Amino acid sequence: MRIESEPKLDFDDVLIRPKRSRLKSRGDVDLRRTFKTPHGKVEITGVPIIAANMDTVGTLKMAAALAGHGIFTSLHKHYKIEELVAAKVSTDYSFITFGIEDLKKIDAVMEALPGANKICLDVANGYTEHFLDFIREVRAHHPQKIIMAGNVATPDMTEALILAGADIVKVGIGPGSACMTRAMTGIGYPQLSAIIECADAAHGLSGFICADGGCKMPGDVSKAFAAGADFVMLGGMLAGHTESLTDEQLQAVKDTGGQVEYYGMSSKVAMDRYSGGVAAHRASEGRVVKVEYKGDVKNSVQDILGGVRSACTYVGAGRLKEFSKRATFVIKK
Ligand code: 5GP
């Protein structure tokens, strides 16, 4: 056993220090970025926020709404190929999510959807050799596609995923609002430090990271970008909108008002729905959270983008790309 005694930080432990700036207005800030992937040398352009691949967030309706703002969606993995084809998903802004073992499905979806070039390989624990082998296999089948893979929370494994074939590494073990991993297993890593350390590792290999989980308000999204995240994935902040609900849920909430369910993809609710219940050898590592119905997602998008633009203005960053270089964190207390 070993103890690491260097302090590690979460979003709530820090603030971003304001700096003198030449910017006149937050309207001057450009939030779009273009990245060139390390493996296929493919360009990806947009506002680098991604709706999480959860069935209460990463829906086809959400993808259609967010694409209008240049924001990405990682569609949840339970859509059938026919549903994806019929929906004519915006391939510019949609990642399509797959689990481990889905190689045949990946091949079939990529063939059926002309223009689809963004694959999200999502497992709860990205630390297994099996997952690295899977990434290598997907990369061999799809040399020109953009592969985002995770989750991990440490620089060693960020590098391993990139070397195996990932372009973007999803970073976050345990920070999610519907996550119970830390409570059920004791495993985790404070998210702000995970972002800082993994971004440094990824950038050293010309790769990128997506900070995944733990953002509760627009200021947290700013802190994630300031820490070096290239992309930020949001679950709870985008849940509870018109676009995240089924037609029946929407009707019910419009009739009676109130709250809607947001649940983890490893929660009992999700496992009952998609895997025939919680398997005997495992425990649920997700919780069910009630969130207020928040109306159309465009209102929350305005708040989030307005908050990040304002943060950029406070440190004099005219482009999101410059934000992390100009940011200094101060530790509260
Ligand atoms: P949020 O933005 O709500 O804080 O976090 C969203 C992220 O939580 C997702 O993108 C995913 O990485 C993670 N997540 C989703 N469902 C579960 C779950 O059931 N268990 C755990 N451990 N993490 C989850």
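Described below are features of the structure shown in this document.

## Topic: the overall build of the protein
Looking only at helices and strands, the protein has twelve helices and 13 strands in total. A compact globule built from 333 residues should have a C-alpha radius of gyration of about 20 Å, and the protein, at 19 Å, falls within 12% of that. Within the protein, contacts between residues separated by at least 24 positions form 65% of all contacts whose residues are at least 6 apart in sequence. Within the structure as shown, the protein displays about 15,400 Å² of accessible surface, and the carbon and sulfur contribution to it stands at 51%. Distance between charge centroids for the protein: 7 Å, based on 41 positive and 39 negative side chains.

## Observations concerning the layout of surface pockets
Space inside the second largest pocket adds up to approximately 280 Å³. If you trace the second largest pocket, you find 15 residues lining it, with Asp55, Thr59, Ser244, Leu245 and Thr246 closest to the centre. Those elements giving two or more residues to the lining of the second largest pocket turn out to be helix H1 (60–67), strand E11 (259–263) and helix H10 (268–275). For the lining of the second largest pocket, a count of residues per class yields five nonpolar, six polar and four charged.

## Quick look at empty space enclosed by the protein
Under the criterion given, the structure shown has one cavity of 30 Å³ or more. A volume near 40 Å³ is recorded for the largest cavity. Around the largest cavity, the lining residues are Ile49, Leu66, Ile71, Leu234, Leu238, Val301, Ile304 and Leu305. Tallied by class, the residues present in the lining of the largest cavity amount to eight nonpolar, no polar and no charged.

## Observations regarding H1
Those residues of H1 not exposed but buried are Leu60, Met62, Ala63, Leu66 and Ala67. When H1 is viewed along its axis, its buried side chains cluster within an angular range of 155° and face the same direction. Where H1 is buried, its residues contact strand E3 (43–51), strand E4 (71–75), helix H2 (81–86), strand E5 (94–98) and helix H11 (297–315).

## A few points about the site of the ligand
Around the ligand, 22 residues are found, and the nearest of them are Ser177, Thr181, Asp212, Tyr262 and Ser266. Residue Glu285 places a main-chain N or O atom 2.8 Å away from a nitrogen atom belonging to the ligand. With the chains in place, 89% of the 520 Å² that the ligand exposes on its own is no longer accessible.

## Observations concerning the environment of Ala67
Mapped onto the fold, Ala67 is located in helix H1. Apart from residues lying up to four places away in sequence, Ala67 is in contact with Ser90 and Tyr93.

## Quick notes on the pattern of salt bridges
This model, assessed by the stated rule, comprises 14 salt bridges. Its salt-bridge partner being Glu261, residue Lys290 comes within 4.0 Å of it at the nearest N-O pair. Taken together, the positions of Lys290 in strand E12 (residues 288–292) and Glu261 in strand E11 put the pair 29 residues apart, joining distant regions of the chain. For Glu261, a relative accessible area of 35% corresponds to the partly exposed category. Three or more residues joined by partner-sharing salt bridges are found here, namely Glu6, Lys8 and Glu197.

## Here we look at the packing of aromatic side chains
The full count for this structure, using the stated rule, is five aromatic pairs. Measuring from centroid to centroid gives 6.1 Å for Phe72 and Phe95, while their planes differ by 65°, and the two rings are edge-to-face. Taken together, the residues Phe72 in strand E4 and Phe95 in strand E5 connect sequence positions 23 residues apart. By the burial criterion, Phe72 is buried, and Phe95 matches it. Among the aromatic side chains, those forming a connected cluster through ring pairs are Phe35, Phe72, Tyr93, Phe95, Phe208 and Phe231.

## Some thoughts on the nonpolar core
Formed by 104 residues in total, the largest nonpolar core has its most connected members in Leu121, Leu161 and Val221. Of all the elements, H11 adds the most residues to this core, at eight residues. Not counting residues up to four positions away in its chain, the partners in contact with Val221 are Ile49, Cys215, Val232, Leu234, Met237, Ile304 and Val308.

Calculation rules
- Residues numbered from 1 in each chain as written.
- Predicted model: local features only at pLDDT ≥ 70, side-chain atom pairs only at ≥ 80, totals over all residues.
- Heavy atoms only, no water.
- Helix = DSSP H or I, 4+ residues; strand = E, 2+ residues; numbered from the N terminus.
- Rg over C-alpha atoms; globule rule 2.2 N^0.38 Å.
- Contact = heavy atoms within 4.5 Å.
- Areas by Shrake-Rupley, 256 points an atom, 1.4 Å probe, with all protein chains shown as cover.
- Lys, Arg positive; Asp, Glu negative; His and termini not counted.
- Charge placed at Lys NZ, Arg CZ, Asp CG, Glu CD.
- 1 Å grid on protein atoms, 1.4 Å probe; cavity = no way out; pocket = protein on both sides within 12 Å on 5 of 7 lines; lining within 4 Å.
- Points joined across faces, edges and corners; volume = space filled by probe spheres on them.
- Nonpolar A, V, L, I, M, F, W, Y, C, P; charged D, E, K, R; others polar.
- Buried < 20%, exposed > 50% of the residue type's maximum accessible area, 1.4 Å probe, protein only.
- Arc of directions from axis to C-beta.
- Near = heavy atom within 4 Å.
- Polar contact = N/O pair within 3.5 Å; in protein donor to acceptor, adjacent residues only side chain to side chain.
- Salt bridge = Lys/Arg side-chain N within 4 Å of Asp/Glu carboxyl O.
- Phe/Tyr/Trp six-rings, centres within 6.5 Å; stacked < 30°, edge-to-face > 60°.
- Core = buried A, V, L, I, M, F, W, Y, C linked by side-chain atoms within 4.5 Å.

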